[in-house]
Amino acid sequence: MSEHCKKAYITTPIYYVNDIPHIGHAYTTIIADSLAIYSRMAGLETFFLTGTDEHGQKIEEAAKKRGKSPKEYADEISGRFKALWDEFEISYDKFIRTTDEDHKIGVQKAFKTMYDKGDIYKDVYRGHYCISCEAFFTETQLVDGEFCPECGKPTQIVEEESYFFRLSKYQDRLLEWYRENEKCILPKTRRNEVMRFVEGGLEDLSITRTSFDWGVKLPAEMNDPKHVMYVWLDALMNYLTALGYGTDEKLLDFWPARVHLIGKDILRFHAVYWPAFLMSLDLPLPKHIAAHGWWTRNGEKMSKSKGNVINPKEVADAYGLENFRYFMLREVPFGGDGDFSQKALIDRINSDLGNDLGNLLNRLIGMSGKYSDGAVSSAKVAELYGEELAEVHDSLDKLEPLLFEMQLHRYLEELWKPLAVANKAIDRHQPWVMMKEGRNEEAYALLGLIANILAKVAVMLHPIMPKTTQTIARALGFTINGTAYEDLIQRKDLLSDFTIEKVPPLFPRIEEPLLKEAAPAAEEKRPAEKKEKPKSEPVEGLITIDQFFETKLAVGTVVEAEEVHKSKKLLRLQVDLGEEKPRQIIAGIKEWYSPADLVGTQVCVVANLKPAKLMGMLSEGMLLAAKDEEGLALIRPEAPKKAGTPIG
Ligand code: MSP
């Protein structure tokens, strides 16, 4: 671990119970979950907190509309959040609710502590309040003198007795904190934004309300029962009360938080109010506050009224939870907005996961089965492929800092480099040629290299795809845990010798969008290659380029070949086209080629031919060949090409 602290306290925002979980909530939670899994694997004592924010006028009104009491309503929606995270197997250590008794006690203790210190005083509040954002705005901040600058809804003029927190007192100390801690707010550009805001001057903050009831009451000693606490004071305090602040404080040594994960819309509350409250309570400040961007739909913010909300459960059910996790973290640079589209999700699954990762494992299973009965050894890997190994370790060394600085897309980008090293090594060294030439030792070591690369990538991908990576590990004869992390990543050890276990394809290819509701505009629904082509007039004997490209040709690697019993002409081949599994092709070439001539060599395949049966066997493609009086010759690429490379 690069940083000193051996504990990791990781939090998500607590979600308002006025809305059911959507993709934005799932995004924050999945990032936090990935960090927590990584921290545990890296040996840090980890506490991962999530929960629901249940007080305030907004919730009171939402409950009333449905004819329920606020608590009944909060129970129902909070239950939905918890059920979803449980279904997603989110590894939280505590699910806090702001209606929990011990939370309320902790909030009251904090209020009293700040009051006793002189940081809270009573006055009259006059201002514009937005119920939807639970925030006050000054006249100059309003849009057209009336509307909330955050959500655009009308604000209300509020004049009532209120307790105030001396936020202005902390302006200089806050600025000092931002200046001295370059990474306290991530991404760094957001820190500048916050600094500009604070430099503009801070006004004291109204932190109680008397116009509604649904909130935490002031401490009994204050003897002022008509006040309830401002929801943001109540809500932010969850990060401390979850550790027992004010009640049973035995978990308090997890404080300060390693990272508070939030969305960019709630940055001001976390980066200005929260550290000021903590300063007032004489408590240390969080290490990082990391603000991500928004998921949009066709460029628009999602909302129930627009009917464009993406339901994370539907996406996970259709495409696989772990594929969805990978997609969300890989697709969008942390901090930026991301537009959800099924096409982008499908591309990531087919390309990154299917072609680069899944297919590499298939190649290893296929080759090791054929060359060494599945036995894989690391014995000569370092000696024969030291350069490749060094390149892989170089990439792996860069990963941890990227993760803790929330550069998650770059983490995954860097993690894919070892896979490219592996795929390139196979194409360059051609183990099938080595085997043919009797250089078995070199071929075995190459398989050892591939296995080790897959193992190390699986360990580092584990926080994002916990189950899939355990399946990969199982194929490679190990289990991902703290010891594997220590051995394979920290000490850069290699795998013990093992016999590979065949596992079912991990990333079956997806051809069409799988969700109707979330299906985008008609144009996006159709894969690009199916778009209607402009029709051109036929010229006798000639075809257009478009007509040529209707035939899909690709380079394939023959991974298995055998004679077809009782046939003089046919061979049965398994040809790797870079897909999830090799294709079976029945080829009439027995007169000219023996199976041994073909295994490990490359061929050109018509890849979009309708499958046909030959002697009762399915043939899923055709080989290109040229035949004259001398006999038949297969057409092959002049230099080895990655399986599946298109020909055109
Ligand atoms: N209750 C407060 C947080 C209190 S934390 C002490 C709150 N709740 S929320 O349910 O409205 O939002 C929770 C989180 O979801 C926020 O971080 C917000 O940014 C995030 N998202 C809500 N919609 C989103 C998207 N469409 N995209 C990405 N995240 C967004 O705020």
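As a reminder, the structure under discussion sits directly above these lines.
The structure presented is a predicted model; accordingly, all values stated were derived computationally and were not measured.

1. Brief notes about the overall build of the protein chain
Regarding its fold elements, the protein chain presents 23 helices and 27 strands. Classification of the 648 residues of the protein chain by burial places 54% in the buried group. Put simply, 74% of the contacts in the protein chain that link residues at least 6 apart link residues at least 24 apart. In the protein chain, the 84 positive side-chain charges and the 100 negative ones have mean positions that sit 2 Å from each other.

2. Section: the pattern of salt bridges
Two side chains that carry opposite charge are able to pair once their charged atoms sit near each other. Following the criterion strictly, the structure yields 52 salt bridges and no others. A salt bridge links D347 to K343; the shortest N-O distance between them is 3.2 Å. Of this pair, D347 and K343 both sit in helix α12 (residues 342–372), four residues apart, which is roughly one turn of the helix. Residue D347 is classed as partly exposed on the basis of its relative accessible area of 39%. Between K590 and E563 there is a salt bridge, with its nearest N and O atoms 4.0 Å apart. Here the residue K590 occupies a position in the loop between β20 (583–587) and α23 (595–598), and E563 occupies one in strand β18 (residues 553–563), the gap between them amounting to 27 residues.

3. Comments concerning helix α18 (residues 440–461)
It helps to recall that an α-helix has 3.6 residues per turn; residues three or four apart then point in one direction. In this model, α18 (22 residues) spans 31 Å end to end at C-alpha, consistent with the 32 Å of a helix rising 1.5 Å per residue. The element α18 is largely enclosed, with a buried count of 18 among its 22 residues.

4. Things to note about the sheet that holds strand β15 (residues 338–339)
On the basis of which strands lie adjacent, the open sheet formed by three strands has the order β14-β13-β15 and mixed pairing. Of all the strands in the sheet, the pair left with one neighbour each is β14 (300–301) and β15.

5. Brief notes about the sheet that holds strand β2 (residues 45–53)
As summarised here, the arrangement of the six strands in space is β3-β2-β1-β11-β12-β7, forming an open sheet in which the pairing is parallel. In this open sheet, the two edge strands, each paired with only one partner strand, are β3 (94–97) and β7 (185–186). When strand β1 (residues 7–16) meets β2, the two strands line up parallel, connected through eight bridges. By the bridge assignment, Y9 is partnered in β2 with F47.

6. Section: the site of the ligand
The immediate surroundings of the ligand are formed by 22 residues, with I14, D53, G263, D265 and W295 found nearest. One of the side-chain N or O atoms of D53 is found 2.7 Å from a nitrogen atom in the ligand. Protein contact buries 94% of the 670 Å² of open area that the ligand shows by itself. Listing elements by their share of the shell around the ligand, those giving two or more residues are β1, α1 (23–41), α7 (231–236), α8 (238–241) and β11 (259–263). Counting residues per element, the shell around the ligand draws most heavily on β1, which supplies four residues.

7. A closer look at the packing of aromatic side chains
Scanning the model with the defined rule gives 24 aromatic pairs in all. Across from the ring centre of Y245, 4.7 Å away, lies the NZ or CZ of K109, which sits over that ring. It is R268 that lies over the ring of F269; its NZ or CZ is 5.4 Å from the centre.

8. Details of the nonpolar core
Grouped together as the largest cluster of nonpolar side chains are 191 residues, with contacts concentrated most on Y178 and L476. Per element, the largest residue contribution to this core is 15 residues, and it comes from α18. Residues contacting Y178, with those up to four places away along its chain left out, are C184, I185, R191, V194, M195, V198, A271 and V272. Listed in part, the 19 residues of the second largest apolar core include V558, I585, L598 and V599.

9. Here we look at the packing of helix α14 (residues 386–397) against α18
Interaxial distance between α14 and α18 falls to 11 Å at its minimum, and their mutual angle equals 5°. The orientation of α14 with respect to α18, classified from their angle, is roughly parallel. For the pair α14 and α18, the contacting residues are E388, L389, V392, H393 and L396 in the first and L449, I453, K456 and M460 in the second.

10. Considering the side chain of D576
Its location among the elements puts D576 in strand β19 (residues 571–576). Engagement of the side chain of D576 in a polar contact is seen with the backbone nitrogen of G578, the distance being 2.8 Å. Those residues in contact with D576, other than ones at most four positions away along the chain, are N359, R363, V555, G556, T557, V559, P582 and A643.

11. Brief notes about the environment of G631
Relative to the helices and strands, G631 resides in strand β26 (residues 631–634). Judged by relative accessible area, G631 falls into the buried class, the value being 13%. C-alpha of G631 to C-alpha of L283: the two residues are 348 residues apart in sequence and 85 Å apart in space. Sequence-distant contacts of G631, that is, excluding residues within four places in its chain, are made with W592 and A626.

12. As for unusual backbone geometry
Cis geometry marks the peptide bond from L186 to P187, where omega comes out at -10°. Inspection of the secondary structure puts P187 in the loop between β7 and α6 (188–199). In this structure, the amide linkage connecting W255 to the following residue, P256, adopts the cis form with an omega of 5°. Within the fold, P256 resides in the loop between α8 and β11.

13. Digging into the pairing of strand β4 (residues 120–130)
In this structure, β4 lies alongside strand β6 (residues 156–165), joined through 10 bridges in antiparallel fashion. Of the residues in β6, the one forming a bridge with V124 is E161. As paired elements, β4 and strand β5 (residues 135–137) share three bridges and run antiparallel to each other. Bridge pairing in β5 places Y129 opposite F136. Hairpin connection from β4 to β5: four residues lie between these consecutive antiparallel strands, with E134 at a positive phi of about 50°.

Parameters and conventions
- Residues numbered from 1 in each chain as written.
- Predicted model: local features only at pLDDT ≥ 70, side-chain atom pairs only at ≥ 80, totals over all residues.
- Heavy atoms only, no water.
- Helix = DSSP H or I, 4+ residues; strand = E, 2+ residues; numbered from the N terminus.
- Buried < 20%, exposed > 50% of the residue type's maximum accessible area, 1.4 Å probe, protein only.
- Contact = heavy atoms within 4.5 Å.
- Lys, Arg positive; Asp, Glu negative; His and termini not counted.
- Charge placed at Lys NZ, Arg CZ, Asp CG, Glu CD.
- Salt bridge = Lys/Arg side-chain N within 4 Å of Asp/Glu carboxyl O.
- Expected span 1.5 Å × (residues − 1).
- Pairing = 2+ DSSP bridges.
- Near = heavy atom within 4 Å.
- Polar contact = N/O pair within 3.5 Å; in protein donor to acceptor, adjacent residues only side chain to side chain.
- Areas by Shrake-Rupley, 256 points an atom, 1.4 Å probe, with all protein chains shown as cover.
- Phe/Tyr/Trp six-rings, centres within 6.5 Å; stacked < 30°, edge-to-face > 60°.
- Lys NZ or Arg CZ within 6 Å of the ring centre and 35° of its normal.
- Core = buried A, V, L, I, M, F, W, Y, C linked by side-chain atoms within 4.5 Å.
- Axes fitted to C-alpha atoms, helices over the stretch in contact; angles between N-to-C directions.
- Parallel < 35°, antiparallel > 145°, perpendicular 65-115°, else oblique.

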